[in-house]
Amino acid sequence: MSFRLEMRENASVGLRLGVSLGAGIVALLLVAIPVLFAGGSPLTAYGLMVQGAFGSMFALSETLNRATPLILTGLAAAVAFRAKLWNIGAEGQLYIGALAAVLVGSGLLQMPPALLIPTVMIAGFLAGGMMMVIPTLIKQRFGADEVVITLLLNFIVILFVQMLVEGPLKDPLAMGWPQSVPLLAEAKLPKLLPRLRMHWGLITGVVAAIVLWVMVRKTVLGFEIRAVGENKAAARFAGIPVDKTMLKVALISGGLAGLAGVGEVAGVKGYLSADLSPGFGYSGIVVAMLAGLSPIGTVIAAIFIAAVFVGADSMSRATGISNYVADLVVALSLLCVLVGSFFLRFRLRYDRKLEA
Amino acid sequence: MTDIPASALLSLENITKRFGPLVANDGISLSLQRGEILALLGENGAGKTTLMNILFGHYVQDEGVVRVAGKNGLETLPSGSPGAALAAGVGMVHQHFTLAENLSGLANIRLGTEALLSLGRASAARRKIEQIIAESGLTVDLDRRVADLTVGEKQRVEILKALYRDAKVLILDEPTAVLTPQEADGLFVVLRRLAANGLGVIFISHKLGEVLAISNRILVLRAGRKAGELVSATADRRAIADLMVGKAVAEVTRAPAKPGAALMAFDKVSLRQGASRQSLRKVSFELRAGEIVGLAGVSGNGQAGIAALISGLAVPSEGELLLYGKPIHRADPRALVAAGVARMPEDRQHDGVVGTMSVADNIAIEEVRSPAFSRSGWLDRKAMRARAQSAIAAYDVRCLGPDAEARLLSGGNVQKLILARVLEREPRVILANQPTRGLDVGAQAEVHRRIIAARDRGAAVMVISEDLDELFALSDRFLVAHEGEITDAGPAEGLDRSTIGLLMAGHSAAAEGLAS
């Protein structure tokens, strides 16, 4: 008797959904083990996490605030991965987008908010986009691997930003803190509700998800991106300009990550510093994978991951269990999704071997 | 291989193998005698490869037994173990060679037969191999790197590998697909000699001619079942073809060509970019309206370059490629498609369709930016579906509908999809690259009929094929590719296989004789 793997002909929508949901649940179950070791009750801990993430208007606002950059970096990863362009550089693109927002929005241009906000967003989008277009060009010209380039660029960009906020961009009024000059009030993204941190970046993220969803389904560009991602050789043979399509994908992907950076400076902090992002770019990859690269799914997955982080912080304050639990949940959900996607492609068959 | 009694070497009894709902092998039995060459003939998907994979231990059968001659007569072979098959004396030469390119022929033959530490003792092995070579006529330079050997020599190394392991049964999967007719004849001589020495050979093929030439007995498979078993000496071509498809195949007939103006012309075209199998040297020829030009040649002699140029994937490094008298300067498949060039790719699964996209998407893919299927960047899904629906009906593409994923289609249906995509536009120039490779007899006839119909409508057609029978069935005129050069062999009338074969092997004497 043995187990055997068989290729699936088709994975249904329900199955895809099940894998994403299942991955989250299995991750939570696995993390219950270290929680037990830390002397806590998993049920209480998870109960507190849910309360911390969704228990009040304030908690919900914090979760959605946290989800905002994750939606955008998640979309950045999803759109690139669809085209088999491995953008691991959303973290760097986020910082460059934030930097562009500060450069444009801290006094260089004097405009009313209705003009300045879009300008700042476009600047952030283009700057982030260029951070992905350039590695893609290098890949196309010289065959260099974009995974390596974009991953390493993250560190270069963060060090560069650190240099700027300790040097030329340093805010003289910040009492020595390494942070940039602040954005003008006209450049800041309005809050969604008074006294809560949720801001218009969230709407931007959700709109971006819908736009991407429509683009993939209804437009020629979406058609070409799918064809290039699924079978480059056939796309090229059919006359789809593969390199050009990849560059468009790179611009969109990097641009979305750049917008995440704009949201963080213009919506939350008001200035740039080297600790702007606690790894939103990397978590975006987990978000996209959890969502099965679906744009709408990305929004939901981003809220899940954000809730885990926000909930874990609150739970940790109440129980003394470390909030590293959140990182564990996120990392394990990614692993579970990877294992789960294997079962999207294969089914496990229970096999009685023939007697020889 | 001492004396040769006509005794059984191998017997497969009632082999059944299911893949989900598909029955790949349905109660198939076969036996093989010492010294016999048995041909296993069938369309693609008839179950030939599945059956051989069961014999060789790659698959486990659901029912049935494999017995191989051992010390005590026929012994049951444990299923699912290639190691046991090898030990029992079953050797297999796959269609795609399994050789380490950077090792010598000798090392490849010995690889895996000896323990790691004894690898130094080459002399005994060499003596044994040299004896096999002397007996069989499989001459090969044992010390050359496999990468430097010709395809025919590589195949000989593969056969030697099996014989070195004392194979009693040799399975050859489509062995002539990569050979010139002369090389194939050489292989047949070797196989007859091996059989005379007592080896049992199973020869898998879908080419009727060579099966009749080489085998003693023919086993025809159809849709996973044994459709018939014949003695080759008395078998008749048509009867076998009918057995393979299960119905009488209408012969494709065609009227003589009425060539018109040159629609596409190669003028001293050289191509150096890309892989070396693409490179061309000062190639000149014309494709004329209402004429089918067949390009013969052993694979890798420049056909890929010609195909890339006509497909719009490359532009000449030197010389000019003219379409309707105007030179092409940019590699732009879309422009060519819009200008009325139809292109069927060599590897239709790899280059022809995006498997995870729908049938409708794959039919529209070449013209997705044209007004037929999109307006200012938005897809016209309705038009795409309508086009797909009519194509499915007109070309008999067997699928679940326009929304079915293309990867679920069989090879023949993928080719029908591509035909529907490119022929529906009434193209003026057609490139058919290996148009029926891997297709069954019925689908082949259908593709041929479509190509001839397009010619009769006035299209200029180039057919590139490794199957000479196909080229003779279609071509009005022959070109032969050898090492990046193209020889014009002239009108098909008055040409025979051996003339083309000599040109394929690069015999310039024949070329000079023809040029006059």
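Novice: Is there a simple way to think about the interface of chain B and chain A in this case?
Specialist: Listed as interface residues are 33 residues of chain B and, on the opposing side, 25 residues of chain A. Across the chain B to chain A interface the summed buried area is about 2600 Å²; carbon plus sulfur atoms make up 62%. Between Arg 369 of chain B and Glu 224 of chain A there is a salt bridge, and its shortest N-O distance comes to 2.8 Å. Where chain B meets chain A, there are 11 residue pairs in polar contact (both at pLDDT 80 or more). At the level of elements, α10 (333-338), β16 (341-344), α11 (348-352), β18 (378-379) and α13 (381-395) of chain B are the ones that each hand at least two residues to the side of chain B that touches chain A. Top element by residues in the side of chain B that touches chain A is α11 of chain B. It accounts for 4 residues.

Novice: Is there a simple way to think about the sheet that holds strand β19 (residues 429-433) of chain B in this case?
Specialist: As a general point, the strands of a sheet are linked pairwise by backbone hydrogen bonds and lie either parallel or antiparallel. Residues and elements named next belong to chain B. As summarised here, the arrangement of the 6 strands in space is β16-β19-β20-β13-β21-β22, forming an open sheet in which the pairing is mixed. Every other strand in the sheet has two partners, leaving β16 and β22 (485-491) as the edge strands with one partner each. Taken over all neighbouring pairs, the strand axes of this sheet differ in orientation by 15° on average, direction set aside. Note that strand β21 (residues 477-482) and β22 share 6 bridges and pair antiparallel. Bridging across to β22, Arg 477 finds its partner in Pro 491. Along the sheet, helix α14 (residues 411-423) makes contact with β16 and β19, crossing β16 at roughly 170°.

Novice: What should I look at first to understand the domain arrangement of chain B in this one?
Specialist: The accessible area lost on association of the parts is a frequent measure of interface size. Residues and elements named next belong to chain B. Per the domain assignment, the segments making up chain B are domain 1 (8-89 + 168-245), domain 2 (262-340 + 425-515) and domain 3 (355-421). The distance between the C-alpha centroids of domain 1 and domain 2 comes to 35 Å. Contacts between the two partners involve 11 residues from domain 1, matched on the other side by 13 residues from domain 2. Surface buried jointly by domain 1 and domain 2 totals about 1000 Å² across both partners, of which 61% is contributed by carbon and sulfur atoms. At the surface where domain 1 touches domain 2, the tally comes to 0 salt bridges. Listing elements by their share of the side of domain 1 that touches domain 2, those giving two or more residues are α6 (181-196) and α8 (237-245). Of the residues assigned to the side of domain 1 that touches domain 2, the class counts are 5 nonpolar, 3 polar and 3 charged.

Novice: Would you mind going over the packing of helix α4 (residues 90-105) of chain A against helix α10 (residues 242-269) of chain A with me for this structure?
Specialist: A pair of packed helices is captured by two measures, namely the crossing angle of their axes and the spacing between those axes. Residues and elements named next belong to chain A. Taken N-terminus to C-terminus, the directions of α4 and α10 make an angle of 55°; their axes are 6 Å apart at the nearest point. As summarised for this structure, α4 and α10 are arranged oblique, according to the angle between their axes. Like other packed secondary-structure pairs, α4 and α10 cross with a definite hand, here right-handed. Of α10, the residues touching α4 (which contributes Ala 90, Gln 93, Leu 94, Gly 97, Ala 98, Ala 101 and Val 102) are Ser 253, Gly 254, Ala 257, Gly 258, Ala 260, Gly 261, Val 262 and Val 265. Residue composition of the contact of α4 with α10, grouped by class: 9 nonpolar, 6 polar and no charged.

Novice: Before we go on, may I ask you to explain the sheet that holds strand β14 (residues 318-323) of chain B in this structure?
Specialist: All names here are of chain B. The 4 strands are arranged β12-β11-β14-β15 in an open sheet whose pairing can be described as antiparallel. A strand with exactly one partner marks an edge of an open sheet, and here the two such strands are β12 (280-288) and β15 (326-327). Set on the sheet, helix α9 (residues 303-311) makes contact with β11 (262-271), β12 and β14; between it and β11 the angle comes to about 125°.

Novice: I tried to follow the side chain of Ser 277 of chain A on my own but got confused; where do I start?
Specialist: All names here are of chain A. For Ser 277, the location among the structural elements is in the loop between α10 and α11 (280-290). Taking relative accessible area as the criterion, Ser 277 reaches 9% and is therefore assigned buried. A distance of 2.9 Å separates polar atoms of two side chains, one belonging to Ser 277 and the other to Glu 91.

Novice: I keep staring at the packing of aromatic side chains and nothing clicks. Help me out?
Specialist: Aromatic ring pairs are defined here through the distance separating the ring centres and the angle between the ring planes. All names here are of chain B. Taken as a whole and judged by the stated rule, the model has 4 aromatic pairs over all chains. Judged by centre distance (4.4 Å) and plane angle (15°), the ring pair of Phe 266 and Phe 285 falls under stacked. Of this pair, Phe 266 sits in strand β11 while Phe 285 sits in strand β12; the two residues are 19 residues apart in sequence, bridging distant segments of the chain. Accessibility expressed as a relative area gives 3% for Phe 266, which makes it buried. The lysine or arginine in question, Arg 428, covers the ring of Tyr 324, its NZ or CZ lying 4.4 Å from the ring centre. Positioned above the aromatic ring of Tyr 395, the side-chain terminus of Arg 450 is 3.9 Å from the ring centre.

Novice: Explanation requested: the nonpolar core in the structure shown.
Specialist: Soluble globular proteins: nonpolar side chains tend toward being buried together. Counting 115 residues, the largest nonpolar core has Leu 256, Leu 272, Ile 305 and Val 325 of chain A as the members making the most contacts within it. Sequence-distant contacts of Leu 256 of chain A, defined by excluding residues within four places in its chain, comprise Leu 72, Leu 75, Ala 76, Val 79, Phe 125, Ala 208 and Leu 212 of chain A. Ranked by size, the runner-up nonpolar core spans 46 residues in total, among them Val 397, Ile 451, Ala 489 and Ile 500 of chain B.

Novice: I keep staring at the environment of Leu 309 of chain B and nothing clicks. Help me out?
Specialist: All names here are of chain B. In this fold, Leu 309 is placed in helix α9. For the pair Leu 309 and Leu 417, spaced 108 residues apart in sequence, the C-alpha separation works out to 23 Å. In contact with Leu 309, other than residues within four places in its own chain, are Phe 266, Val 269, Leu 271, Leu 280, Ala 314, Val 315, Pro 316, Leu 321 and Leu 336.

Novice: Got a minute to help me understand helix α17 (residues 497-504) of chain B in this structure?
Specialist: Residues spaced three or four apart along an α-helix point in a common direction, a consequence of the helix completing one turn every 3.6 residues. Among the residues of α17 of chain B, those classed as buried are Thr 499, Ile 500, Gly 501, Leu 503 and Met 504 of chain B. Where α17 of chain B ends, the next residue or the one after it, Gly 506 of chain B, has phi of about 85°, a positive value.

Novice: Can you walk me through a nonpolar patch on the surface in this structure?
Specialist: Residues and elements named next belong to chain A. Residues Val 206, Ile 210, Trp 213, Ile 296 and Ile 300 make up a contiguous nonpolar surface patch of about 430 Å² in total accessible area. If you list the elements that add at least two residues to the nonpolar patch, you get α7 (201-218) and α12 (295-319). Counting residues per element, the nonpolar patch draws most heavily on α7, which supplies 3 residues. Tracing the backbone shows Ile 296 in helix α12.

Novice: Help me understand the pairing of strand β3 (residues 37-42) of chain B in this model?
Specialist: Where a strand is regular, its side chains alternate between the two sheet faces. Residues and elements named next belong to chain B. With 6 of 6 residues buried, β3 is to be regarded as a mostly interior element. A two-sided burial pattern is seen for β3, the buried positions comprising Ile 37, Ala 39 and Leu 41 on one face and Leu 38, Leu 40 and Gly 42 on the other. Across 5 bridges, the pairing between β3 and strand β8 (residues 200-205) is parallel. When the sheet's bridge partners are listed, Ala 39 is paired in β8 with Phe 203. Pairing geometry for β3 and strand β9 (residues 217-222), over 5 bridges, is parallel. Bridge pairing links Leu 38 to Arg 217 in β9.

Novice: Looking at this model, I keep getting lost on the environment of Arg 347 of chain A. Mind explaining?
Specialist: Residue and element names in this part refer to chain A. Relative to the elements of secondary structure, Arg 347 occurs in strand β2 (residues 346-351). Residue classification places Arg 347 among the partly exposed positions, given a relative accessible area of 31%. For the pair formed by Arg 347 and Glu 166, sequence separation is 181 residues and the distance between their alpha carbons is 55 Å.

Rules used in this analysis
- Residues numbered from 1 in each chain as written.
- Chains lettered and ligands numbered in written order.
- Predicted model: local features only at pLDDT ≥ 70, side-chain atom pairs only at ≥ 80, totals over all residues.
- Heavy atoms only, no water.
- Contact = heavy atoms within 4.5 Å.
- Buried area = accessible area lost by both parts, 1.4 Å probe.
- Salt bridge = Lys/Arg side-chain N within 4 Å of Asp/Glu carboxyl O.
- Polar contact = N/O pair within 3.5 Å; in protein donor to acceptor, adjacent residues only side chain to side chain.
- Helix = DSSP H or I, 4+ residues; strand = E, 2+ residues; numbered from the N terminus.
- Pairing = 2+ DSSP bridges.
- Axes fitted to C-alpha atoms, helices over the stretch in contact; angles between N-to-C directions.
- Domains from an automatic or database assignment.
- Nonpolar A, V, L, I, M, F, W, Y, C, P; charged D, E, K, R; others polar.
- Parallel < 35°, antiparallel > 145°, perpendicular 65-115°, else oblique.
- Left-handed = near helix turned anticlockwise from the far one by under 90°.
- Buried < 20%, exposed > 50% of the residue type's maximum accessible area, 1.4 Å probe, protein only.
- Phe/Tyr/Trp six-rings, centres within 6.5 Å; stacked < 30°, edge-to-face > 60°.
- Lys NZ or Arg CZ within 6 Å of the ring centre and 35° of its normal.
- Core = buried A, V, L, I, M, F, W, Y, C linked by side-chain atoms within 4.5 Å.
- Patch = residues over 30% accessible without salt bridge, like charges linked within 9 Å, V, L, I, M, F, W, Y side chains within 5 Å.
- Areas by Shrake-Rupley, 256 points an atom, 1.4 Å probe, with all protein chains shown as cover.

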